[in-house]
Amino acid sequence: MREHCLVNPGQTVRLADWDANDTCGVASKAEAEKELKRLNKELARLQELLYAEDKHRLLIVLQAMGTGGKDGVIKQVMRGVNPQGCLVHNFKVPTPEELAHDFLWRINQRVPPRRYITIFNRSHYEDVLVVRVHNLVPESVWRPRYEQMNQFEKLLGETETTILKFYLHITKDEQKRRLEARRDTPHKQWKFSLGDVKERAYWDDYMRAYEEALTQCSTPWAPWYIIPANKKWFRDLSVARIIVETLERLDMRYPEPEPGIEQAVVPD
């Protein structure tokens, strides 16, 4: 599954070639949910190991169109993870202070400290997505950002930060269905955004912007994964598998205990 979803460095991405309904051979929702429960437990174990070893850090970047499932992934995949070792940041419209600095300034303040998992619910990639689609800055400003982000991520990778970037790929028809479900379900109406409806007019522009970001910025040190996300159960399973496999590859170890603890007497 990992290789199936991976954007190889140098690969040109055409999102129309990626099937948002793909399940990579997973037969059913029930099968996926059973495996996800196992992966939740394994991720909780690996997170404890990550925290105890105090050497690595993990940055997870989630990007998607509205209703693509970023919140759902955080809720379902990170279930059981100790919140003391997990941080979530959501990057909205920059504040005046943030606009007074370079576009990566606010991002750099939120990268994971050692031993933490940090999740970006949207990220620095907004500066080559919404900024590009809505012409918020000229192309001469946003185009160099691909290489600037690559170098920023390379620096993180050279300082023990493992980076995983997930684009949750849904179709325009599936987004329409999800927006209508939010609109028509009382306990989900709070999530309905008229902004998401307006952004649908720019769907093709966003697809082109995502294609270039995925093409330009999938690197050996910070790969992009395109996750088929029309089926939520497969989306969650795919992300969980990749995170667990990545942490397992770090070959982490618990630190050695303090000398002499075998003879320590715990007083009554």
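Preceding this section is the structure that the text describes.
What counts and what doesn't
- Residues numbered from 1 in each chain as written.
- Predicted model: local features only at pLDDT ≥ 70, side-chain atom pairs only at ≥ 80, totals over all residues.
- Heavy atoms only, no water.
- Helix = DSSP H or I, 4+ residues; strand = E, 2+ residues; numbered from the N terminus.
- Buried < 20%, exposed > 50% of the residue type's maximum accessible area, 1.4 Å probe, protein only.
- Contact = heavy atoms within 4.5 Å.
- Lys, Arg positive; Asp, Glu negative; His and termini not counted.
- Charge placed at Lys NZ, Arg CZ, Asp CG, Glu CD.
- Axes fitted to C-alpha atoms, helices over the stretch in contact; angles between N-to-C directions.
- Parallel < 35°, antiparallel > 145°, perpendicular 65-115°, else oblique.
- Left-handed = near helix turned anticlockwise from the far one by under 90°.
- Nonpolar A, V, L, I, M, F, W, Y, C, P; charged D, E, K, R; others polar.
- Phe/Tyr/Trp six-rings, centres within 6.5 Å; stacked < 30°, edge-to-face > 60°.
- Lys NZ or Arg CZ within 6 Å of the ring centre and 35° of its normal.
- 1 Å grid on protein atoms, 1.4 Å probe; cavity = no way out; pocket = protein on both sides within 12 Å on 5 of 7 lines; lining within 4 Å.
- Points joined across faces, edges and corners; volume = space filled by probe spheres on them.
- Core = buried A, V, L, I, M, F, W, Y, C linked by side-chain atoms within 4.5 Å.
- Pairing = 2+ DSSP bridges.

Caption draft 1: Layout of the overall build of the protein. The secondary structure content of the protein amounts to 12 helices and six strands. Projected onto its principal axes, the C-alpha coordinates of the protein cover approximately 70 × 45 × 40 Å. A buried classification covers 48% of the 268 residues belonging to the protein. At a minimum sequence separation of 6, the contacts of the protein that also span at least 24 residues come to 82%. In the protein, 41 positive and 40 negative side-chain charges are present, and the distance between their average locations comes to 6 Å.

Caption draft 2: Structural detail: the packing of helix α3 (residues 70-77) against helix α12 (residues 232-249). At their nearest, the axes of α3 and α12 sit 10 Å apart, and the two run at 60° to each other. Comparing the axis directions of α3 and α12 gives the class oblique. The handedness of the crossing between α3 and α12 comes out as right-handed. Residue-level inspection shows Gly 72, Val 73, Gln 76 and Val 77 of α3 in contact with α12, the latter providing Arg 235, Asp 236, Val 239, Ala 240 and Ile 243. The residue makeup of the contact of α3 with α12, split by class, is five nonpolar, two polar and two charged.

Caption draft 3: Expanded view of the packing of aromatic side chains. On inspection of all chains with the given rule, the structure shows seven aromatic pairs. Look at Tyr 51 and Tyr 116: their rings are 5.8 Å apart centre to centre, the planes differ by 70°, and that puts the pair in the edge-to-face class. Of this pair, Tyr 51 sits in helix α2 (residues 29-53) while Tyr 116 sits in the loop between α5 (105-108) and β4 (117-121), placing them 65 residues apart in sequence. With relative accessibility at 19%, the residue Tyr 116 sits in the buried group. Over the face of the ring belonging to Trp 221 we find Lys 154, whose NZ or CZ atom lies 5.3 Å from the ring centre.

Caption draft 4: Up close: the side chain of Gln 47. Relative to the helices and strands, Gln 47 is located in helix α2. Beyond its immediate sequence surroundings of up to four residues, Gln 47 is in contact with Val 81, Asn 82, Gly 85, Cys 86 and Ile 117.

Caption draft 5: Representation of empty space enclosed by the protein within the structure. As enumerated under the stated definition, the model contains one cavity of 30 Å³ or more in all. As a volume, the largest cavity reaches approximately 40 Å³. If you list the elements that add at least two residues to the lining of the largest cavity, you get β2 (57-64), α3 and α12. Take the lining of the largest cavity: its biggest share by element is three residues, from α3. Residue classes in the lining of the largest cavity are distributed as nine nonpolar, no polar and no charged.

Caption draft 6: Quick peek at the nonpolar core. Counting 74 residues, the largest nonpolar core has Phe 166, Tyr 167 and Ile 243 as its most contacted members. Tallying contributions element by element places α12 first for this core, with nine residues. Dropping the residues within four chain positions of it, Phe 166 is found in contact with Ile 60, Val 61, Leu 62, Gln 63, Trp 224, Tyr 225, Ile 227, Val 239, Ile 242 and Ile 243.

Caption draft 7: Highlighting the pairing of strand β6 (residues 224-228). In terms of burial, β6 is largely enclosed, as five of its five residues are buried. Burial of β6 is two-sided: the residues Trp 224, Ile 226 and Pro 228 facing one way and the residues Tyr 225 and Ile 227 facing the other way are all buried. Pairing of strand β1 (residues 6-7) with β6, which is carried by two bridges, proceeds in the antiparallel orientation. Looking across to β6, one finds that Val 7 is bridged to Trp 224.

Caption draft 8: Local environment of the sheet that holds β6. Overall, mixed pairing links the six strands, which are arranged β1-β6-β5-β2-β4-β3 in an open sheet. What marks the edges here is a single partner per strand, and that holds for β1 and β3 (86-90). Strand direction decides the pairing type here: β3 and β4, joined by five bridges, are parallel. Bridge pairing links Leu 87 to Thr 118 in β4.

Caption draft 9: How the structure looks around the side chain of Arg 132. The residue Arg 132 is located in helix α6 (residues 130-133) in this model. Those residues in contact with Arg 132, other than ones at most four positions away along the chain, are Trp 142, Tyr 146, Arg 208, Ala 209 and Glu 212.

Caption draft 10: Layout of the layout of surface pockets. As a volume, the second largest pocket reaches approximately 290 Å³. Lining of the second largest pocket is provided by 19 residues; of these, Arg 2, Thr 162, Pro 220, Pro 223 and Thr 246 occupy positions nearest its centre. For the lining of the second largest pocket, the secondary structure elements donating two or more residues are α1 (2-5), β5 (161-169) and α12. Counting residues per element, the lining of the second largest pocket draws most heavily on β5, at four residues. Here the lining of the second largest pocket is built from residues that sort into nine nonpolar, six polar and four charged.

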